[in-house]
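Descriptive analysis of the structure
These are the residues of each chain, in order.
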Amino acid sequence: MNQVVIYTDGACKGNPGPGGWGVVLQAGSHRKELFGGEASTTNNRMELMAVIEALKALKRPCDVQLYLDSQYVRKGITEWIGGWKAKGWRTAAGQPVKNADLWRELDALVGGAGHRIEWRWVKGHAGDPGNERADALANLGVEQVLA
């Protein structure tokens, strides 16, 4: 399997407000950057969109090291999602899971594409070059929406 390093990040100006997502994919000497945004969204939705778009960009099963600064996304996909699905997309408190549409999409990508994904949390805005670039791309996504 191809080895791919991915950095993702989301940004939002206001929460809710205009938001963007950014992705850096690195496989050997090949590098690809992606970004996009939405006019009215939340930071958590943009963090999820970044990961979704990153995984959608992979054309075959890969061995992925995925770096993100969102504990919401990392814990959601590695710890909480099983319980949400078992409870009919409800939280432990019985409330509907926020962003369930994106969680379902991410779950399908993680479970159905054949990737081996290592979810690695990094502290945001702490000088990690991949995270800083993903953040800059997410902000480009915001600027694109505002233009």
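Residues numbered from 1 in each chain as written. Predicted model: local features only at pLDDT ≥ 70, side-chain atom pairs only at ≥ 80, totals over all residues. Heavy atoms only, no water.

1. As for the overall build of the protein
- Counting its secondary structure elements, the protein contains four helices and five strands.
- Going from N to C terminus, the protein has its helices and strands arranged as β-β-β-α-β-α-α-β-α.
- Taking 2.2 N^0.38 as the reference for a compact globule, 147 residues should give roughly 15 Å; the C-alpha atoms of the protein span a radius of gyration of 15 Å, in line with that estimate.
- Reported as C-alpha extents along the three principal axes, the dimensions of the protein are approximately 45 × 40 × 25 Å.
- When burial is assessed residue by residue, the protein has 46% of its 147 residues classed as buried.
- Counting 18 positive and 16 negative side-chain charges, the protein places the averaged centre of each group 5 Å from the other. (Helix = DSSP H or I, 4+ residues; strand = E, 2+ residues; numbered from the N terminus. Rg over C-alpha atoms; globule rule 2.2 N^0.38 Å. Buried < 20%, exposed > 50% of the residue type's maximum accessible area, 1.4 Å probe, protein only. Lys, Arg positive; Asp, Glu negative; His and termini not counted. Charge placed at Lys NZ, Arg CZ, Asp CG, Glu CD.)

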